[in-house]
Amino acid sequence: MFLKSQFSEENIEFWQICEDFKKMKPSAKLSSKAKKIYSVYVETGSHKEINIDYSTREAIKKNLLNPTPSCFDLAQNKIYILMKKDCYPRFLKSDFYLNLIKTTKPPTPPHGSMYRRRSRSCIFNDRSEAEAELGIWL
């Protein structure tokens, strides 16, 4: 929803489609799927064109001659970095996110776990357990 409001939903869509594409086994379908992904997300002027540089676009074009499940990896990585450095920080500052965290309560811990102490070798879930186990260390 946030990416849509920022006119960037094609980034996450492309990333997800690449994840699905990587799971495909080499076959005739792989080639047609690769061409479809290229025409929708990579081709200059396409409806959902992703923001990648010329050399990456050309590398993908060459990869389409003999597509493999990893033929979009370079572009997928560039889109991931773009989302990490641009979209995600904007999301964290957005009204959408800020309103969400205001209305969401943190999960309540299960009964008896209010006192949690960690040592090098064990974790105590409550004070009585820690006191009962104290004799072991003496």
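Note that this is a predicted model, so its numbers are computed, not measured.

(A) Structural detail: the environment of V42. Note on placement: V42 falls in helix α3 (residues 28–42). Contacts of V42, omitting those with residues within four sequence positions, involve F14, I37, E49, I50, I52, R57, I60 and F72.

(B) Region of interest: α3. A rise of 1.5 Å per residue sets the reference length of α3, with its 15 residues, at 21 Å; its end C-alpha atoms lie 20 Å apart and thus fit the reference within 8%. Inspection of α3 places L30, A34, I37, Y38, Y41 and V42 among the buried residues, and these make up the whole buried set. Each buried residue of α3 lies within a common arc of 100° when the element is viewed along its axis, so the set occupies one face. Facing away from the buried side of α3 by more than 90 degrees, the exposed set consists of A28, K29 and K36.

(C) Seen up close, the nonpolar core. Within the largest apolar cluster, 19 residues are counted, with the highest numbers of intra-cluster contacts made by F14, F21, V42, I50, I52, I60 and F72. At the level of secondary structure, the elements contributing two or more residues to this core comprise α2 (9–22), α3 and α5 (73–93). The element that contributes the greatest number of residues to this core is α3, accounting for six residues. Excluding residues within four positions of it along the chain, I52 makes contact with V42, R57, I60, A75 and I79.

(D) Fine view of the packing of aromatic side chains. Overall, the coordinates contain three aromatic pairs when judged by the stated rule. Ring centres of F14 and F72 lie 6.2 Å apart, and the angle between their planes is 85°; this geometry places the pair in the edge-to-face category. Highlighted residues: F14 in helix α2 and F72 in the loop between α4 (54–63) and α5, separated in sequence by 58 residues. By the burial criterion, F14 is buried, and F72 matches it. The exposure class of F72 is buried, given its relative accessible area of 1%. Joined through ring pairs, the aromatic side chains of F14, F21, Y41 and F72 make up one cluster.

(E) Up close: the side chain of S46. For S46, the location among the structural elements is in the loop between α3 and α4. For S46, a relative accessible area of 13% corresponds to the buried category. Here E43 takes part through its backbone oxygen, which lies 2.9 Å from a polar atom of the side chain of S46. If near-sequence neighbours (up to four positions away) are discounted, S46 is found in contact with S39, V40 and Y41.

(F) Local environment of the pattern of salt bridges. Using the criterion set out here, one finds six salt bridges in the structure. Taking the shortest distance from any N to any O, the salt bridge between E13 and K48 comes out at 2.7 Å. Taken together, the residues span a long stretch of sequence, with E13 in helix α2 and K48 in the loop between α3 and α4 at a distance of 35 residues. In this structure, D73 and K22 form a salt bridge, with 3.7 Å as the shortest nitrogen-oxygen distance. With D73 in helix α5 and K22 in helix α2, this pair connects stretches of sequence that are 51 residues apart. Take K22: its relative accessible area is 35%, and that puts it in the partly exposed class. Connected through shared salt-bridge partners, E19, K22 and D73 make up one network.

Reading the values: the criteria
- Residues numbered from 1 in each chain as written.
- Predicted model: local features only at pLDDT ≥ 70, side-chain atom pairs only at ≥ 80, totals over all residues.
- Heavy atoms only, no water.
- Helix = DSSP H or I, 4+ residues; strand = E, 2+ residues; numbered from the N terminus.
- Contact = heavy atoms within 4.5 Å.
- Expected span 1.5 Å × (residues − 1).
- Buried < 20%, exposed > 50% of the residue type's maximum accessible area, 1.4 Å probe, protein only.
- Arc of directions from axis to C-beta.
- Core = buried A, V, L, I, M, F, W, Y, C linked by side-chain atoms within 4.5 Å.
- Phe/Tyr/Trp six-rings, centres within 6.5 Å; stacked < 30°, edge-to-face > 60°.
- Polar contact = N/O pair within 3.5 Å; in protein donor to acceptor, adjacent residues only side chain to side chain.
- Salt bridge = Lys/Arg side-chain N within 4 Å of Asp/Glu carboxyl O.

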